[in-house]
Amino acid sequence: MKRQDLDLAIDWAAAEGWNPGLNDADCFAAVDPSGFLIGCLGEEPIASISVVRYSRAFGFLGFYIVRPDQRGRGFGYHLWQAGMDYLGDRTVGLDGVVAQQEKYARSGFVLAHRNVRYGGTPQTEPPRDDRLRQVSPEIMDAILDYDRPFFAAPREAFLRCWLKPDMRSAIAFIEDGTVKGYGVIRACRHGHKIGPLFADSEREADLLFQALASRAKADSVFLDLPEPNQAAVQLAAHYSLSPVFETARMYRGERPDLPLSRTYGISTFELG
């Protein structure tokens with residue numbers, strides 16, 4: 001893809017109801033600029049896929065979309081093959097929509113768990129707690145270290161973009177000089193989305209959620225959470241969020257051992 005092609009793919013994702021963020025593209029491209037493919041019929045773009053290489057061992061697949069008027073003609077499969085060739089023998093993760101999960105299974109992907117998007121308009125006020133701090137350059141390295149166990153590969157380039165304060169609000173919970181959680185909220189096509197939201201316990205997750213959701217200023221808020229974390233499900237319900245969308249987190253290859261019990265919100269369905 002060229003840069004404008006990625007904007008087009010994000011528009012297609014919005015049309016499919018994925019509700020992407022308003023400023024996601026640059027951070028997505030920062031991970032692997034070559035990992036975004038566009039399928040064209042002649043000169044006309046008709047399909048997209050992202051196949052970003054996070055490391056020599058792990059990649060993530062997303063944005064697998066064929067324009068509705070060109071579906072059923074095999075174009076998507078050709079683009080899929082090109083994407084999988086690009087990823088090689090890496091372990092590959094994806095968040096598959098319900099309609100595509102059987103197809104992914106036929107390509108060797110195995111279900112790990114459901115991710116569920118919860119949405120609503122929570123009534124929150126900014127907590128008065130000195131342990132909640134805006135993520136700044138001074139604590140960036142500590143945030144990168146904290147994030148590392150939550151993802152299957154290092155993702156410093158992505159996070160350094162994702163945590164820029166001019167695009168998103170990022171808040172950390174720091175107690176006795178130790179990071180015990182952090183989260184990010186960003187404006188989307190509809191409302192705001194929190195992601196990631198990682199925390200050592202329900203206490204930190206709840207305070208971080210309140211601090212982040214209050215930034216939405218009574219607008220709708222969405223949280224993409226792993227269903228096995230029932231504390232995350234209860235957190236969403238406590239703030240009157242309801243399920244609106246779901247995906248299947250699937251992997252081809254060795255399944256990463258991630259701390260789902262401390263994962264209260266994943267970063268994005270598109271890049272993991």
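All residue numbers refer to positions counted from 1 along the written sequence of the respective chain. Two thresholds apply to this predicted model, a pLDDT of at least 70 for residue-level local features and 80 or more for giving and counting side-chain atom pairs, whereas whole-chain, interface and lining totals are computed over all residues. Computation of side-chain values covers all heavy atoms of the structure but excludes hydrogens and water.

Labelled according to an unreviewed UniProt entry, the protein chain appears under the name GNAT family N-acetyltransferase, originating from Microvirga brassicacearum.

A. Looking closely at the overall build of the protein chain. Runs of E in the DSSP output that reach at least two residues are strands. Runs of H or I that reach at least four are helices, and both are numbered from the N terminus. From N to C terminus, the protein chain includes eight helices and twelve strands. Computation of the radius of gyration draws on C-alpha atoms alone. For the globule rule, the value is 2.2 Å times the number of residues to the power 0.38. Its C-alpha atoms give the protein chain a radius of gyration of 18 Å, near enough to 19 Å, the size a compact globule of 272 residues would have. Here the C-alpha coordinates of the protein chain stretch approximately 55 × 35 × 35 Å along the principal axes. Buried residues in the protein chain amount to 57% of all 272 residues. Whether two residues touch is decided by their heavy atoms; if any such pair falls within 4.5 Å, the residues are in contact. Nonlocal contacts in the protein chain, meaning residues at least 24 apart in sequence, comprise 73% of its contacts between residues at least 6 apart. To measure how exposed things are, a 1.4 Å probe is used in the Shrake-Rupley method; for residues, cover is taken only from the protein chains shown. Carbon and sulfur atoms make up 49% of the accessible area of the protein chain, which amounts to about 12,100 Å² in all. A positive count includes Lys and Arg, and a negative count includes Asp and Glu. His and the chain ends are not counted in either. Charged side chains are reduced to one point each, which is NZ for Lys, CZ for Arg, CG for Asp and CD for Glu. The protein chain carries 31 positive and 36 negative side-chain charges, and their two centres are separated by 2 Å. Each residue is placed in one exposure class: buried if its accessible area under a 1.4 Å probe, protein chains only, is under 20% of its type's maximum, exposed if it is over 50%, and partly exposed if it falls in between.

B. Region of interest: the side chain of Gln 210. Topologically, Gln 210 is positioned in helix α7 (residues 202-213). Take Gln 210: its relative accessible area is 18%, and that puts it in the buried class. Here Tyr 239 takes part through its side chain, which lies 3.2 Å from a polar atom of the side chain of Gln 210. N or O atoms closer than or at 3.5 Å make up a polar contact, with two conditions inside protein: a donor-capable atom paired with an acceptor-capable one, and, for residues adjacent in sequence, both atoms drawn from side chains.

C. Structural view of the state of the cysteines. Disulfides are defined as cysteine sulfur pairs within 2.5 Å. Following the criterion strictly, the structure yields one disulfide and no others. A sulfur-sulfur distance of 2.1 Å marks the disulfide that ties Cys 27 to Cys 161. The sign of the -80° torsion about the S-S bond sets the Cys 27-Cys 161 disulfide as left-handed. Remark: Cys 161 occurs in helix α6 (residues 156-162) and Cys 27 occurs in helix α2 (residues 25-31); sequence separation between them is 134 residues. Like Cys 161, Cys 27 is buried. Cys 27 supplies the cysteine sulfur nearest to Cys 188, a cysteine that is in no disulfide, at a spacing of 13 Å.

D. Representation of the packing of α7 against helix α8 (residues 230-238). Only C-alpha atoms enter the line fits that serve as axes; for helices the fit covers just the stretch in contact. Angles between N-to-C directions range over 0 to 180 degrees. Contact geometry for α7 and α8: axes closest at 11 Å, N-to-C directions at 35°. Judged by the sense of rotation from one axis to the other, the crossing of α7 with α8 is right-handed. Contact with α7, carried on its side by Glu 202, Ala 205, Asp 206 and Phe 209, involves Ala 231, Leu 235 and His 238 of α8 and no other residues of that element. As a working rule, the residues Ala, Val, Leu, Ile, Met, Phe, Trp, Tyr, Cys and Pro are called nonpolar, Asp, Glu, Lys and Arg charged, and the rest polar, with Gly in that last group. Among the residues making up the contact of α7 with α8, the classes are represented as four nonpolar, one polar and two charged. In this scheme, a crossing is called left-handed if the near helix is turned counterclockwise away from the far one by less than a right angle; it is called right-handed if the turn is clockwise.

E. The arrangement of the pairing of strand β5 (residues 110-120) in detail. With eight of eleven residues buried, β5 is to be regarded as a mostly interior element. Strands pair, by our definition, only if DSSP identifies at least two bridges between them. With nine bridges joining them, β5 and strand β11 (residues 242-252) adopt antiparallel strand pairing. Bridge pairing in β11 places Gly 119 opposite Ser 242. Summarising the sheet, β5 and strand β10 (residues 221-226) pair through six bridges and their orientation is antiparallel. Each residue of the ladder has a partner; that of Gly 120, found in β10, is Val 221.

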